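Spelled out from the first residue to the last, the chains are:
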Amino acid sequence: MTNFAGLIRFDGASISDRQEVALASALGQRRRGRIHFHRAAHAAFAQALPAGEWPTGSLFAADSRLDNLADIAATAGVSSRSGEAACIRAIFEQRGDAGLAQLLGVFAIAHWDEVGRTLTLARDCTGGRALFYHAGKDFVAFASHLGTLLALPDVPSELDERLLANFLALNHRERDVTFYRGVCRVPSRTVVRIAPGRVDQRHYWSPRLDAPPPYARDEDYVARGRELMDSAVARVLRDMPRAAICVSGGFDSSAMAATAARLGLAELDCYCGVPPPGFYRSVRSHRYLDESDKVRALECMHPALRLKLVTPQVAHPMQADPARFFQTVMPMPCRNLDNLGWFSGIRDTLVQDGHRVALMGVMGNLTFSWDGRFCLSALASQGRWLELARQARALARSAGGSLPRTLVGQGLAPLLPPGLHRAFQRLRGRAPDDISRFSLLNPDVVESLDLRRQWREDGFDPTYSTRGTSAQLRAHQIFDQLQISRDQLAMEGDNLETRDPYSDRELIEFSLTIPETLFLRDGVPRWYARQLFADRLPREILDETRKGEQAPNWFESLNARRPLIEGEVERLEASRLAGRLLDLPRLKRLITDWPHDARDAEDHMTAYRLALDRAVHVGQFIRWVERGNE
């Protein structure tokens, strides 16, 4: 990955030597080595690149990994040997947004038109590369890492109270703004154009959600899915003679590893996080604790996989010392601190083994292994009443629920408009706007910022009920939801790049055309994935209907950090912003009523694992910013 940054002056002034030094210094915090500059009359771009790789011509920078470089080069009429940046610049200058829509893979680009005095910034469809900017009064600064941008002079670092409040409420539907006022992100599948006094943005590509079904037979969907799975894995492996795969007992990562083994394109090291020997915790009936038996069965089926079981430490340094995380990884809080600790332990092992790239199946649950939760509502909207009754009976039987409740909850509720859906939730005894079970956001802030109205306008549902259609929901989550998490994965690439074959755009587009009735059939969720991967996964994985428990050591981790948490709560009271945003009295009560052991903690998991841990982490972030990001 190659970080870049730039500065544009709209006041007629040239870029000064001091500003150029500031660009180099900010980039140097993220990338060691020589910084290459490209200048125009009123603009300067900087990027850490090997000598000779900067494209000639107009000011242009790119951080990319294209899957169709040869096709782009041929279309643009340039040699692919000139490099990805040159090919991307050529296709963009020739075709504009349509050229960007042809790019498959991950990218973030910046292009300066000196004559038209227009800066263009763009990002790939799933946000595999990051890009941020600040549009000041007479200048624009941009960078591919948020820390780089914040290190530039005149870029503000004031925190956005509303964004932090929504983050605590788990409303992650905001696409544009970051935690810092005036600092924006370029969202995925978006092009941003900035000219004097004007900032415009739009999608350069959108999936076609009303496309007719491409096939009539189940077998054809399975065959095409296998072709796309093979090609997507081959693409992420094409420049990797030795690959690291983060694997679990679920469909997505195990199918990715199995596919890689069948293709035989690289040496394959598989890493799976497991609890320590003798570890025990009671888990819910739809969960299992230890994934080692499943990944060992996968290894037996595919001997090319070299399995390494990793037991992450109880409290990772990134959890125990959050300032280190904010300073060295990214200047923003993460969503789940328990997952950060668990997966950071696995990442540490990968890096120690010499890997700089890891394959993960992040988008799998939204593509090939979708659970089919809209199956009954899809049948209802199609008027297939007999099939609806048959599938509802099968689903109620497998889930242990009643037929009427299943029909109403999964057949009718998703089709209700927002107002009726909220009324339906109240009838079921749910408060549509209640976030208290998983958040320690101060209720007074909810009122003063009028957040409930914003949530309704955003379409944010704190009950996380299913509504709409499968393609609409999945497309939103794949391309637009959780921009914060996309930023995090992209910026972590400074230390370990993540690649996800399920983010392959051709694979995504096809998955959105698969009928919902293939994802859930005869009461079996993920029915399509079970057929799709039947040729490459062992029965131990294919027949499993439960989910693996993520970060099963969450209480041990939290308990090990209890002294730090108790000390931090006292310091949070001294912060005006943290004291306003957080429900500190409730936070103190949770500390006073701390669970006696892991068994006791299971009865209060949401309050401690989600609400308390996230609240303290956000408070630490606020204090870190207030102290000047030392």
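Scroll up to find the structure.
Along each chain, residues carry numbers from 1 onward, in the same order as the chain's sequence is written. Only residues with pLDDT of at least 70 get local features here, since the model is predicted, and only at 80 or more are side-chain atom pairs given and counted; chain-wide, interface and lining totals rely on the full set of residues. Heavy atoms from the whole structure form the basis of all side-chain values; hydrogens and water molecules are not counted.

**Q** Can you lay out the nonpolar core for me, pointing to particular residues and giving the numbers?
**A** Counting 82 residues, the largest nonpolar core has F179, Y180, L441 and L612 as its most contacted members. Starting at the N terminus, helices and strands are each numbered in turn, a helix being any DSSP run of H or I of at least four residues and a strand any DSSP run of E of at least two. Residue contributions to this core peak at twelve residues, all from helix α30 (residues 605-626). Within this scheme, the nonpolar core is defined by two criteria: the residues are buried Ala, Val, Leu, Ile, Met, Phe, Trp, Tyr or Cys, and they are joined through side-chain atoms within 4.5 Å. Each residue's exposure class comes from its accessible area (1.4 Å probe, protein chains only) as a fraction of the maximum for that residue type: buried when under 20%, exposed when over 50%, partly exposed otherwise. Ranked by size, the runner-up nonpolar core spans 75 residues in total, among them L103, A255, F374 and F479.

**Q** With reference to specific residues and values, describe the sheet that holds strand β6 (residues 118-123).
**A** Here, a strand pair is defined by DSSP locating no fewer than two bridges between the strands. Strand order in the open sheet formed by five strands is β4-β5-β6-β10-β11, and the pairing between neighbours is antiparallel. Only two strands of the sheet have a single neighbouring strand rather than two, namely β4 (59-66) and β11 (198-203). Recorded for the sheet is a direction-independent mean angle of 10° between the axes of neighbouring strands. The pairing of β4 with strand β5 (residues 105-113) spans eight bridges and is classified as antiparallel. Interaxial angle, 0 to 180 degrees, is taken between N-to-C directions of lines fitted to C-alpha atoms, where a helix line uses only the stretch in contact.

**Q** Residues and numbers for the pattern of salt bridges, please.
**A** Here, a salt bridge means any side-chain nitrogen of Lys or Arg that lies within 4 Å of a carboxyl oxygen of Asp or Glu. Summed over all chains, the structure comprises 55 salt bridges. Note that E497 is salt-bridged to R499, the shortest N-O span being 3.3 Å. Comparing E497 with R499 shows no difference in burial state: the two are buried. Counted as one network, the salt bridges with shared partners bring together D63, R65, D67, R129, R238, D239, E497 and R499.

**Q** Provide a residue-level description of helix α14 (residues 385-399), including the pertinent values.
**A** A helix is expected to span 1.5 Å multiplied by its residue count minus one. The end-to-end C-alpha separation of α14 is 21 Å, in line with the 21 Å expected for 15 residues at 1.5 Å each. Taken together, the buried positions of α14 are occupied by L388, Q391, A392, A394, L395 and A396. Throughout, a residue-residue contact means that at least one pair of heavy atoms, one from each residue, lies within 4.5 Å. In this structure, the buried side of α14 is in contact with α13 (375-381), α15 (403-412) and β18 (520-521). Of the residues trailing α14, G400 is marked for its positive phi of about 75°.

**Q** Let's hear about a nonpolar patch on the surface: which residues, and what values?
**A** Exposure above 30% relative accessible area and the lack of any salt bridge qualify a residue for a patch; like charges then connect within 9 Å, and the nonpolar side chains Val, Leu, Ile, Met, Phe, Trp and Tyr within 5 Å. The Shrake-Rupley method, run with a 1.4 Å probe sphere, supplies the accessible areas, and residue values consider only the shown protein chains as cover. Residues L403, L407, V408 and L412 make up a contiguous nonpolar surface patch of about 270 Å² in total accessible area. Looking at where L403 falls in the secondary structure, it is placed in helix α15.

**Q** Account for helix α9 (residues 292-301), naming residues and giving values.
**A** Each full turn of the α-helix corresponds to 3.6 residues, which orients residues three or four apart in the same direction. Taken together, the buried positions of α9 are S292, K294, V295, A297 and L298. Tucked inside the fold, the buried residues of α9 contact α8 (251-263), β13 (267-273), β14 (287-288), β15 (305-310) and α24 (539-542).

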